[in-house]
Amino acid sequence: FVGADLVLIPAGVPRKPGMNRSDLLKINLGIAKDLVEACTKFCPGAVIGLIVNPVNSVVPAMCEVYRRHGLDPKKIVGITTLDVVRANKFVHEITGVKTSDIHVPVIGGHAGASILPLFSQDPAGAKI
């Protein structure tokens, strides 16, 4: 990936029974850090898309890795489709519209009060 403009990093382990978010974060931060460190060396101009949970904790940490290397931390982004799938399924369960016809955008964080599905931006979602 030398000189790449875009690097997608789908890495990490899923949460296992008995594992809390802190345990998951510790493991997946190490994995992501190794990969992001390699990007600072081999493709420092690349936009890095992280598909690593917990994404809302991993992304800021990897931004700091980029910053320490004198690189633009705004080139680190988190990617999640799980929240979109959940919002679409929610709309389907209420409206009966096929999930393939539902496209609810989700903005904000990945958890709690910071996650915001924009139901009004989808025709079926706007009806609920």
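Each residue is numbered by its place in its chain's sequence as written, counting from 1. Given that this is a predicted model, residues contribute local features only at a pLDDT of at least 70 and side-chain atom pairs are listed and counted only at 80 or more, while totals for whole chains, interfaces and linings are drawn from all residues. The side-chain numbers reported here are obtained from all heavy atoms of the structure, hydrogens and water having been left aside.

Chemist: Any chance you could explain the sheet that holds strand β3 (residues 76-78) here in plain terms?
Modeler: For sheets, the rule is that strands pair by backbone hydrogen bonds, running either parallel or antiparallel. One open sheet holds the three strands; their spatial order is β1-β2-β3, and the pairing between them is parallel. Whereas interior strands pair on both sides, the edge strands pair on one side only; in this sheet they are β1 (6-10) and β3. Each neighbouring strand pair of the sheet contributes to a mean axis angle of 20°, computed without reference to strand direction. What makes two residues a contact is simply this: any of their non-hydrogen atoms within 4.5 Å. Orientation is described by axes fitted as lines to C-alpha atoms, over the contacting stretch for helices, and by angles from 0 to 180 degrees between their N-to-C directions. Secondary structure counts use DSSP, requiring at least four H or I residues in a row for a helix and at least two E residues in a row for a strand, with both numbered from the N terminus. Contacts from helix α1 (residues 21-42) reach β1, β2 (47-51) and β3, with the element oriented near 170° to β1. Its contacts with the sheet place helix α2 (residues 55-68) against β2 and β3, and it is angled at close to 175° to β3. By the convention used here, strands pair only if DSSP detects at least 2 bridges between them.

Chemist: I would appreciate a short explanation of a nonpolar patch on the surface in the present structure.
Modeler: Every patch collects residues that have over 30% relative accessible area and no salt bridge, joining them within 9 Å if they carry like charges and within 5 Å if they are nonpolar side chains (Val, Leu, Ile, Met, Phe, Trp, Tyr). Calculation of accessible area relied on Shrake-Rupley with a 1.4 Å probe; when residues are assessed, cover is drawn exclusively from the protein chains displayed. Think of a salt bridge as a Lys or Arg side-chain nitrogen and an Asp or Glu carboxyl oxygen that are within 4 Å of each other. There is a patch of nonpolar side chains on the surface, built from L6, L8, V47, I51, V77 and I79 and spanning about 450 Å² of accessible area. Contributing elements (two or more residues each) for the nonpolar patch: β1 and β2. Residue position: V77 is located in strand β3. Using a relative accessible area of 33% as the deciding quantity, one classes V77 as partly exposed. Burial here depends on accessible area, computed with a 1.4 Å probe over protein chains only, as a share of the maximum for the residue type. Under 20% is buried, over 50% is exposed, and the range in between is partly exposed.

Chemist: What is the right way to read the pairing of β2 from this model?
Modeler: Consecutive residues of a regular strand have side chains that alternate between opposite faces of the sheet. Across five bridges, the pairing between β1 and β2 is parallel. Looking at β2, one finds that L8 is bridged to G49. The definition of a right-handed crossover adopted here requires that, viewed with the strands pointing away, the path from the first strand over the helix to the second runs clockwise. Running through α1, the crossover from β1 to the neighbouring parallel element β2 is right-handed. Pairing between β2 and β3: three bridges, direction parallel. When the sheet's bridge partners are listed, I48 is paired in β3 with I76. For the crossover that starts at β2, traverses α2 and ends in the parallel β3, the hand is right-handed.

Chemist: For this particular structure, what's the right way to read the packing of α1 against α2?
Modeler: Relative placement of two packed helices is described by the angle separating their axes and the distance separating the axes. Relative orientation of the contacting elements α1 and α2 amounts to 35°, with a least axis distance of 9 Å. For the pair α1 and α2, the sense of crossing is right-handed. Contacts between α1 and α2 pair R21, L25, L29, A32, K33, V36, E37, C39 and T40 from the former with N56, S57, V58, A61, M62, V65, Y66 and R68 from the latter. Classifying every residue of the contact of α1 with α2 gives ten nonpolar, three polar and four charged. By convention, the crossing between two helices is left-handed when the near helix turns anticlockwise from the far helix through less than a right angle, and right-handed when the turn is clockwise. Each residue gets one label: Ala, Val, Leu, Ile, Met, Phe, Trp, Tyr, Cys and Pro are nonpolar, Asp, Glu, Lys and Arg are charged, and the others, such as Gly, are polar.

Chemist: Got a minute to help me understand the packing of aromatic side chains in this structure?
Modeler: Each aromatic ring pair is summarised here by two numbers: the centre-to-centre distance and the angle between the ring planes. Side-chain rings of Phe, Tyr and Trp, where Trp is taken by its six-membered ring, are said to pair if the distance between their centres is within 6.5 Å; with planes under 30 degrees apart they count as stacked, over 60 as edge-to-face, and otherwise as tilted. Scanning all chains against the criterion turns up one aromatic pair. Their ring planes at 45° and their centres at 5.7 Å tell us that F90 and F119 sit as a pair that is tilted. Of this pair, F90 sits in helix α3 (residues 82-95) while F119 sits in the segment after β5 (115-117), placing them 29 residues apart in sequence. A relative accessible area of 38% means that F90 is categorised as partly exposed.

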